[in-house]
Amino acid sequence: MAGTVTLGVSIAVPEPHGSRLQRRRLGFGDAAAAGIPTHVTLLPPTAVEAAARPAIDEHLAGIAAAARPFRMRLYGTGTFRPLSPVVFVQVVEGGSACGWLQERVREDGGPLARELQFPYHPHVTVAHGIGEDAMDAAQADLARYEAAWTVAGFALYEQGGDGAWALRREFRFAPCPRQRRPASSAFERAQEAA
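So, a few notes on the structure that sits alongside this text.

1. Focus on the side chain of His-123
Consideration 1: Tracing the backbone through its elements, the reader meets His-123 in strand 5 (residues 123–128).
Consideration 2: The class of His-123 is buried, set by a relative accessible area of 16%.
Consideration 3: At 2.6 Å, the side chain of His-123 forms a polar contact with the backbone oxygen of His-121.
Consideration 4: Residues within four places of His-123 in sequence aside, it is in contact with His-39, Val-40, Thr-41, Phe-80, Phe-88, Val-89 and Val-91.

Set out below in structure tokens:
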């Protein structure tokens, strides 16, 4: 392996919600949505040396092993305008778990260490870089959108030369123990504090 690759880490929005939101995003005129699976970002597009992939896989597997399944709920819309031309569906439950995960993915000294352009805010993009009227329509049309599921892991994606994102590997969380016990891991304590 030589050269660099562009990677991203995210939580996929499961079916039927993922396809439904992707179709809506395309319907608002965001053609890039055809190559972007519906997701909550943990690591934005990041260029890395291709030779670093084994270390990255090991790093992500360790994070997944320390995490547990958690509930995620989406409801309503928001926007990053005027700072960034984005309309999104809000993460109203599971945000603290996403925050914990993305901090570990980008941790200093790790193979994916990096600073973010903006503070981390978990969300599901439904319009990006399209006309203001279409952005307004997306924000209004999905204002009451709701979906919920149990997140059981996250995935590593690679961006192709055509701009489309392809799944490279899934990382499953450790299963929840059968008996309820006091929160012992940092991940569990973060979840209970939310």
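Here the narrative resumes, following the displayed structure.
2. Topic: the environment of Arg-71
Consideration 1: By the element assignment, Arg-71 lies in strand 3 (residues 70–79).
Consideration 2: The class of Arg-71 is partly exposed, set by a relative accessible area of 40%.
Consideration 3: In contact with Arg-71, not counting residues within four places along its chain, are Glu-93, Gly-94, Ala-148, Trp-149 and Thr-150.
Consideration 4: Side chain to side chain, Arg-71 and Glu-93 meet in a polar contact 3.2 Å long.

3. Things to note about the sheet that holds strand 5
Consideration 1: The strand order across the open sheet built from four strands is 5-4-3-6, with neighbouring strands paired in antiparallel fashion. In the strand order of this sheet, the two ends are held by strand 5 and strand 6 (146–151), each with one partner. Across the sheet, the mean angle separating the axes of adjacent strands is 30 degrees when strand polarity is ignored.
Consideration 2: Where strand 3 meets strand 6, six bridges bridge the pair, whose relative direction is antiparallel. Note on strand 6: the bridge partner recorded for Phe-70 is Val-151.
Consideration 3: Set on the sheet, helix 1 (residues 17–27) makes contact with strand 3, strand 4 (86–93), strand 5 and strand 6; between it and strand 5 the angle comes to about 25 degrees.

Parameters and conventions
Residues numbered from 1 in each chain as written. Predicted model: local features only at pLDDT ≥ 70, side-chain atom pairs only at ≥ 80, totals over all residues. Heavy atoms only, no water. Helix = DSSP H or I, 4+ residues; strand = E, 2+ residues; numbered from the N terminus. Buried < 20%, exposed > 50% of the residue type's maximum accessible area, 1.4 Å probe, protein only. Polar contact = N/O pair within 3.5 Å; in protein donor to acceptor, adjacent residues only side chain to side chain. Contact = heavy atoms within 4.5 Å. Pairing = 2+ DSSP bridges. Axes fitted to C-alpha atoms, helices over the stretch in contact; angles between N-to-C directions.

On their own, these measurements won't tell you what the molecule is for.
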